[in-house]
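The chain contents come next:
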Amino acid sequence: MGGWRNWYQEVANSKPLFLAIYTTVIIGIVVSSFYVFSAIYSSNSVSTTWLSAPSAISHADPSYINLASNISQTTRKVGTIPPAASQTGSIKLKPIWEVPKSKKLPPLKSFRLTKELVEERVQDNVIIMTFGNYAFMDFILTWVKHLTDLGLSNLLVGAMDTKLVKALYWKGVPVFDMGSHMSTIDVGWGSPTFHKMGREKAILIDSVLPFGFELLMCDTDMVWLKNPLPYLARYPEADILTSSDQVIPTVVDDRLDIWQQVGAAYNVGIFHWRPTESAKKLAKEWKEMLLADDKIWDQNGFNELVHRQLGPSVFGDGGLAYAYDGNLKLGVLPASIFCSGHTYFIQAIYKQLRLEPYAVHTTFQYGGTDGKRHRLREAMVFYDPPEYYDAPGGFLSFKPSIPKSLLLDGKHNVESHFTLVNYQIKQIRTALAIASLLNRTLVMPPLWCRLDRLWFPHPGVLEGSMTRQPFLCPLDHVFEVNVMLQQLPEEEFGPGIGIREYSFFDNPSMPKHVKDSWLEVLLCEDGSDDCNASTNITSPGILRFPKHGNEEMFKTVFSSFKDVKVIEFSSMKDAFLGFTDKTREERFKRRVKRYVGIWCCVEDHTPGHIYYDMYWDEKPDWKAIPPQSSADDHPPW
């Protein structure tokens, strides 16, 4: 230090010109050093990302994320990876997806939930959490991937079984052990295990709030499409901001829903808690309520407590209301952009109002967990492993043909709805048969409906909602997605038939080598020019094939195209004459009859549901009516 002082004194005593030169040199050295050290630090802090996940992953491992997976279309161009800098919002946050260097798992006690553990992930005093068991591993990884794609790292996942703790740890996902010792299998809605998960949520919130951090609590069956934290920060006075099951819009912009007009339940799948005294008091009472009675659904319990007192409005904080104990300030997130399964998949309110959605929660759906996963796949926001996009045997698809009159003409009622859907069912039935015959996975076509499906009687669409008729309806509105994906005994139901979502080929995760291996099949009238059951391709990638083909024709011709990844038919109308092997045909019928579900529900009749029938056209007296007695109340098989 003394050397520097003496040198500077000498310079100061020299001529002014030299003083200016030396000063300039010193400043240049300091600035250059700053940039060099900054660059080194930056490269070290972000060089390892989620892409460095272990490569030794089995074909059946649901925890693998497609390296080329897409991100939300509403936030940035699909298929792009955000700049690495967006991952480093806080210097202290360890990057997500960074695989541990050690080959040994730390002691399980080190995964216990503590303030110190949460503090390691907190940013701007906010922590984002979800939890689940190993059965929801792919949902959890999808949830995490969307957040990291949005540049958010302040997250933690609660593991309800040790298997999930280990799996997430080795993938570089911040995880803590909830100590639940829960089964690793899927749980059905309303089951005792389902209610246990609800109690765990209340216990978790009650445990975290005393740490003093804001908590954004989420279910694993939802995904983030846009960074929600700036929106939540717009309401600093709110103790709780909750999503809801509201299906009728109360606002047409991005303000909070008008609480006086929200008649549906508050949904505990997405809600934000601040560590205020009223919020902590509510969390504690909610937890004690659920622990005292294991039959209470966590969401019902939350709603009961919050509605103990609701109102008046909080003056000057538009959208907030006093609730619970009269001191808690509550806001309801707008259902148009913090979407339920109805406002996103059915009404698409955000599109109609030209808004950007922040989240979608797979509520208002059918088919259990399989139905939830399929809906997210239809929306291209679910992450699957590479093999999902390159199934053994290849894919089969077809261009659906629907007359304009079936879609638009006449009134939207039960009769016109079933006429439209049945027309599509017949084409899908033929496609399933050909897919089974050629051992290919069927890419389902877009499905159109005239009427909504709900659990209760309604006039076709909910009055006041923004549902447009007709609308592109989720597959689970008509088909039993869970049954279609179920492993049914082959000796009774014939070979299994794989399916994919209608948006499959539009997904940016689709590999080029699959899209480039494509054969278009044009159905033609037998006997016309260039129409014969042969393997001759009339022009590159196009095969002319006679209508009313039988089993042997299909096997003979398409055996030459086993290496082609995608075979697309121009139509399914009159494409297949039927199976020659009657035993196989009977097994196929037993299988696909179980693939269709119900429409619900007509008004002024009990029961009000109407069964779809895969073979409706083989019954001259078939009508779209509900069962007339309890004896008739069964599927048509």
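Residues numbered from 1 in each chain as written. Predicted model: local features only at pLDDT ≥ 70, side-chain atom pairs only at ≥ 80, totals over all residues. Heavy atoms only, no water.

This brings us to the overall build of the protein chain. Within the protein chain, the secondary structure is distributed over 19 helices and 25 strands. Evaluated residue by residue, the protein chain yields a buried proportion of 53% over its 637 residues. Of the contacts formed within the protein chain by residues at least 6 apart in sequence, a portion of 70% connects residues at least 24 apart. Total accessible area on the protein chain stands at roughly 28800 Å², and carbon and sulfur atoms take up 55% of it. (Helix = DSSP H or I, 4+ residues; strand = E, 2+ residues; numbered from the N terminus. Buried < 20%, exposed > 50% of the residue type's maximum accessible area, 1.4 Å probe, protein only. Contact = heavy atoms within 4.5 Å. Areas by Shrake-Rupley, 256 points an atom, 1.4 Å probe, with all protein chains shown as cover.)

Bringing the state of the cysteines into the picture now. Per the counting criterion, the structure on display carries 3 disulfides. A sulfur-sulfur distance of 2.1 Å marks the disulfide that ties C449 to C473. The S-S bond linking C449 to C473 shows a torsion near 60 degrees; that makes this disulfide right-handed. Linking C449 in strand β15 (residues 448-449) with C473 in the loop between β16 (471-472) and α15 (481-484), this pair joins segments that are 24 residues apart in sequence. Accessibility assignment for this pair places C449 and C473 in one class, buried. Covalent S-S linkage joins C524 and C531, the inter-sulfur distance amounting to 1.9 Å. Of note, the bridge from C524 to C531 carries an S-S torsion of about 90 degrees and is right-handed in sense. A relative accessible area of 5% places C524 in the buried class. Classification of C531 by relative accessible area gives buried; the value is 5%. (Disulfide = S-S within 2.5 Å.)

What follows covers the nonpolar core. Ranked by internal contacts, the top residues of the largest apolar core, which has 114 residues, are W143, W224, F479, F558 and F569. For this core, the element with the most residues is helix α14 (residues 414-438), which contributes 11 residues. Setting aside its immediate chain neighbours within four residues, F558 contacts L438, L519, V521, L543, F545, I567 and F569. V122, V208, W286 and L328 belong to the second largest nonpolar core, which has 41 residues in total. (Core = buried A, V, L, I, M, F, W, Y, C linked by side-chain atoms within 4.5 Å.)

Turning to the sheet that holds strand β1 (residues 126-132), a few remarks are in order. Judged by pairing direction, the sheet is mixed, and its 9 strands sit side by side in the order β3-β2-β1-β4-β7-β6-β10-β9-β8 without closing on themselves. Two strands bound the open sheet, and with one partner strand each, they are β3 (175-177) and β8 (310-313). Pairwise comparison of adjacent strand axes, ignoring direction, gives a mean angle of 35 degrees for this sheet. Bridge analysis of β1 against strand β2 (residues 155-159) gives 5 bridges, and the strand direction is parallel. Considered in β2, the bridge of F131 is made with G158. Packing against the sheet, helix α8 (residues 277-292) makes contact with β6 (240-244), β7 (266-273) and β10 (328-332), and its axis sits at approximately 140 degrees to β7. (Pairing = 2+ DSSP bridges. Axes fitted to C-alpha atoms, helices over the stretch in contact; angles between N-to-C directions.)

What follows is about the pattern of salt bridges. What the rule picks out here adds up to 28 salt bridges. Here K372 ties to D221 by a salt bridge, and the two come within 2.7 Å at their closest N and O atoms. Taken together, the residues K372 in helix α12 (residues 368-378) and D221 in the loop between β4 (214-218) and β5 (222-224) connect sequence positions 151 residues apart. We note that K372, like D221, is buried. Between D516 and K512 there is a salt bridge, and its shortest N-O distance comes to 2.6 Å. Salt bridges linked by common partners bring D138, D370 and R373 together as one network. (Salt bridge = Lys/Arg side-chain N within 4 Å of Asp/Glu carboxyl O.)

The next point concerns the pairing of β6. The element β6 is largely enclosed, with a buried count of 5 among its 5 residues. Note: β6 against β7, 5 bridges, orientation antiparallel. Among the inter-strand pairings, S243 is bridged to a residue of β7, identified as N267.

What follows covers the sheet that holds strand β11 (residues 338-339). Pairing in this open sheet of 3 strands is mixed, and the strands run β5-β12-β11 from one edge to the other. The strands lining the two open edges of the sheet, one partner per strand, are β5 and β11. Sheet topology note: the β5/strand β12 (residues 359-361) ladder contains 3 bridges and is antiparallel. Considered in β12, the bridge of M222 is made with H361.

The contact between helix α4 (residues 137-149) and helix α5 (residues 162-170) brings their axes to 12 Å, and the two run at 40 degrees. Judged by the angle between their axes, α4 and α5 are oblique. Two packed elements cross with a definite hand, and for α4 against α5 that hand is right-handed. Residues M137, I140 and L141 of α4 touch α5, and the partners they reach there are L164, A167 and L168. Grouping the constituent residues of the contact of α4 with α5 by class yields 6 nonpolar, no polar and no charged. (Parallel < 35°, antiparallel > 145°, perpendicular 65-115°, else oblique. Left-handed = near helix turned anticlockwise from the far one by under 90°. Nonpolar A, V, L, I, M, F, W, Y, C, P; charged D, E, K, R; others polar.)

Glancing now at the packing of aromatic side chains. For any pair of aromatic rings, geometry is given as the distance between the ring centres together with the angle between the planes. Applying the stated criterion across every chain yields a total of 37 aromatic pairs. Between Y389 and F504, the aromatic rings sit 5.5 Å apart at their centres with planes inclined by 10 degrees, giving stacked as the arrangement. A residue pair is termed long-range when its members are at least 10 positions apart, and Y389 in the loop between α12 and β13 (395-398) and F504 in the loop between β17 (499-500) and α17 (512-515) qualify at 115 residues. Each member of the pair, Y389 as well as F504, carries the same accessibility label: buried. Among the aromatic side chains, those forming a connected cluster through ring pairs are F545, F554, F558, F561, F569, F576, F579 and F588. Sitting over the ring of Y383, K145 keeps its end group 5.2 Å from the ring centre. Above the ring of W637, the side-chain terminus of R594 is found at 4.0 Å from the ring centroid. (Phe/Tyr/Trp six-rings, centres within 6.5 Å; stacked < 30°, edge-to-face > 60°. Lys NZ or Arg CZ within 6 Å of the ring centre and 35° of its normal.)

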